[in-house]
Amino acid sequence: MARTDQNSISNHLMNEAFPDIPKIQFEGPKSKNPLSFKHYNADEIVAGKTMKDHLRFGVAYWHAMRNSLADPFGVGTAQRPWDDGTDSVANAQRRVWACFEFMDKLGVDYYCFHDRDVAPEGRTLAESNQNLDAVADELEKAQQATGKKLLWGTACLFVHPRYNQGASTSPNANVFAYAAAQVKKAMDVTHRLGGEGYTFWGGREGYASLWNTNMKREVEHLAAFLHMAVDYKKKIGFTGQFYIEPKPREPSTHQYDSDAAACLNFLREHGLMDHFKLNLETNHATLAGHSMWHEMEVAVAANALGSVDANTGDELIGWDTDQFPTDIYLTTQMMLVMLKSGGFTTGGMNFDAKVRRESFEPVDLFHAHIGGMDAFARGLKIAAAILEDGRLEAFKKARYSTFDAGIGAKIEARTTSFEELEAYTLENGEPLIASGRQEMLENLINEFI
């Protein structure tokens, strides 16, 4: 690295964005220090791996660094002293170092971004690409200086007015082409920065009204777009994982990637299953009328669970509130699925969550992430204890034991027929059914939480 680059890095590291915040330490459950971890101990071994390796936490650049905390009824309240509020490249480059200082003090190894989070949109695509390259230079320096890594990148195909009717599903072919060019560049930058994945989130890939929509044609365009992305990935030698992130609605009335099952069906129908896994978000699951537990089980059953946007929503509000997770039942359920499925083979726990509008000071970013990390650490430890105890899994195994031998085994092996099952039932009569014991199992889980 050139001496000028080393001097630049040293200057950035000396000019702290969070001068009053120390590195966050694990102090244990009895600590009263709000700037400490009570449960997240990065190097503690749980179920054979460190917490850090189980959880693979990531910071969401768009919320941690860019969210002004505006809402539909009020302007932004966020105080971010390192940010001068302009769309200049210089401000974007300065913001990089604030993000990496935040990650370093928090003890998080990964970050995620949209292209337009990290660099301003220009007057032309060429200017936007130039801006992104200039900030990518700074991101590369920061990664080298700190050892932090890019979990995944993506392109923002939903904010600019050109995408008001979709990107790859726009009725306008020129918009499709622009979106493809933007994704190409975002993939190039993600590849350059050593990103471990790339996410496709169709924020406006859906419809507001079926009166003006050819759904079949739009979905086929989406599939064509993703096949082109797969081809380009191979061409540039990018080995990171591709993800699709389900969401049912908002801003669109209906989005084609509405939930895990819909995404999997789309991938199978269009020959893309070998190339994509799912990036699941809790708030999107509840908007779809599911629990995150449900969505994760659907993905695991298809060997398609890739990464997680770790947040939650307020079910009384009914829109995407992107709150930090604090519900220990939720994190326990999620970590049970992760542990039983063998854990992340790609991806991680990315905090796609924003502090509340009332929590506007820089220190609130730390409080929020500490709470989310502690919640998942508790969920991890509880899930590991439940699995080690064995009673929950033993009950479920016994509940399905009639399929382990005899006629049940033939059903699962698909070696029987309606005729044989009719003869079996005529001989054996009315089935004897055991209780599902839901309340007993809920009480069992409460022993651990």
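Everything below is about the structure printed above this text.
Residues numbered from 1 in each chain as written. Predicted model: local features only at pLDDT ≥ 70, side-chain atom pairs only at ≥ 80, totals over all residues. Heavy atoms only, no water.

This paragraph deals with a nonpolar patch on the surface. Together, Leu316, Ile317 and Trp319 make up a nonpolar patch on the protein surface, roughly 350 Å² of accessible area in all. When you line up the elements, Trp319 lands in the loop between β13 (305-309) and α12 (328-340). On the accessibility criterion, Trp319 (34% relative accessible area) is partly exposed. (Patch = residues over 30% accessible without salt bridge, like charges linked within 9 Å, V, L, I, M, F, W, Y side chains within 5 Å. Areas by Shrake-Rupley, 256 points an atom, 1.4 Å probe, with all protein chains shown as cover. Salt bridge = Lys/Arg side-chain N within 4 Å of Asp/Glu carboxyl O. Helix = DSSP H or I, 4+ residues; strand = E, 2+ residues; numbered from the N terminus. Buried < 20%, exposed > 50% of the residue type's maximum accessible area, 1.4 Å probe, protein only.)

This part takes up the packing of aromatic side chains. Evaluated as defined, the whole model comprises 21 aromatic pairs. Judged by centre distance (5.3 Å) and plane angle (85 degrees), the ring pair of Phe176 and Phe225 falls under edge-to-face. With a gap of 49 residues between them, Phe176 in helix α7 (residues 173-192) and Phe225 in helix α8 (residues 215-236) connect regions that are remote in the sequence. Side by side, Phe176 and Phe225 carry an identical accessibility label, which is buried. Their ring planes at 35 degrees and their centres at 5.8 Å tell us that Phe324 and Phe351 sit as a pair that is tilted. One end of the pair, Phe324, is in the loop between β13 and α12; the other, Phe351, is in strand β14 (residues 349-351), and 27 residues separate them in sequence. When sorted by exposure, Phe324 lands in the same class as Phe351, which is buried. Clustering of aromatic rings is evident, with ring pairs tying together Phe37, Tyr40, Phe57, Phe324, Phe351 and Phe376. Looking at Arg162, its charged tip hangs above the ring of Tyr178, at a distance of 3.8 Å from the centre. (Phe/Tyr/Trp six-rings, centres within 6.5 Å; stacked < 30°, edge-to-face > 60°. Lys NZ or Arg CZ within 6 Å of the ring centre and 35° of its normal.)

Once that is clear, we can look at α12. Taking 1.5 Å of rise per residue, 13 residues should cover 18 Å, and α12 covers 18 Å from first to last C-alpha, within 8% of that figure. Of all 13 residues in α12, 10 are buried; the element is thus mostly enclosed. Every buried residue belonging to α12 is among Ile328, Leu330, Thr331, Thr332, Met334, Met335, Leu336, Val337, Met338 and Leu339, and all of these are buried. With a side-chain oxygen positioned 2.9 Å from the backbone nitrogen of Tyr329, the residue opening α12 is Asp327. At the C-terminal side of α12, Gly342 shows a positive phi close to 100 degrees. (Expected span 1.5 Å × (residues − 1). Polar contact = N/O pair within 3.5 Å; in protein donor to acceptor, adjacent residues only side chain to side chain.)

A word on the environment of Leu365. Mapping Leu365 onto the fold places it in helix α13 (residues 362-389). What makes Leu365 buried here is its relative accessible area of 2%. In this structure the C-alpha to C-alpha distance between Leu365 and Pro22, which are 343 residues apart in sequence, comes to 13 Å. In this view, Leu365 contacts Phe18, Ala64, Arg80, Trp82, Phe102 and Val355; residues no more than four positions away in its chain are not counted. (Contact = heavy atoms within 4.5 Å.)

Time to look at the side chain of Lys38. Note on placement: Lys38 falls in the loop between β2 (36-37) and β3 (45-46). Buried within the structure, Lys38 lacks any salt-bridge partner; Asp374 is the closest side chain of opposite charge, at an N-O distance of 5.1 Å. Of the polar contacts made by the side chain of Lys38, one reaches the backbone oxygen of Asn33; its length is 2.8 Å. Those residues within four positions of Lys38 in sequence are excluded, and the remaining contacts are Phe26, Gly28, Pro29, Ser31, Asn33 and Asp374. (Lys, Arg positive; Asp, Glu negative; His and termini not counted.)

The next thing to look at is the packing of helix α14 (residues 391-399) against helix α17 (residues 438-448). Where α14 meets α17, the axes come as close as 10 Å, and the angle between the chain directions of the two elements is 160 degrees. As summarised for this structure, α14 and α17 are arranged roughly antiparallel, according to the angle between their axes. As α14 packs across α17, the resulting crossing turns out to be left-handed. Contacts between α14 and α17 involve Arg391, Leu392 and Phe395 on the former and, on the latter, Met440, Leu441, Leu444, Ile445, Glu447 and Phe448. Classifying every residue of the contact of α14 with α17 gives 7 nonpolar, no polar and 2 charged. (Axes fitted to C-alpha atoms, helices over the stretch in contact; angles between N-to-C directions. Parallel < 35°, antiparallel > 145°, perpendicular 65-115°, else oblique. Left-handed = near helix turned anticlockwise from the far one by under 90°. Nonpolar A, V, L, I, M, F, W, Y, C, P; charged D, E, K, R; others polar.)

Right, let's talk about the packing of helix α15 (residues 406-413) against helix α16 (residues 418-428) for a bit. Between two packed helices, both the angle of their axes relative to each other and the distance between the axes serve to describe the pair. Across the interface, α15 lies against α16 with an axial gap of 12 Å and an inter-helix angle of 165 degrees. If you check the angle between α15 and α16, you find them roughly antiparallel. Crossing handedness for the pair α15 and α16: left-handed. The residues of α16 that touch α15, namely those facing Ile407, Lys410 and Ile411, are Glu420, Leu421 and Tyr424. When its residues are assigned to classes, the contact of α15 with α16 shows 4 nonpolar, no polar and 2 charged.

Purely geometric stuff here, so don't read any function into it on its own.
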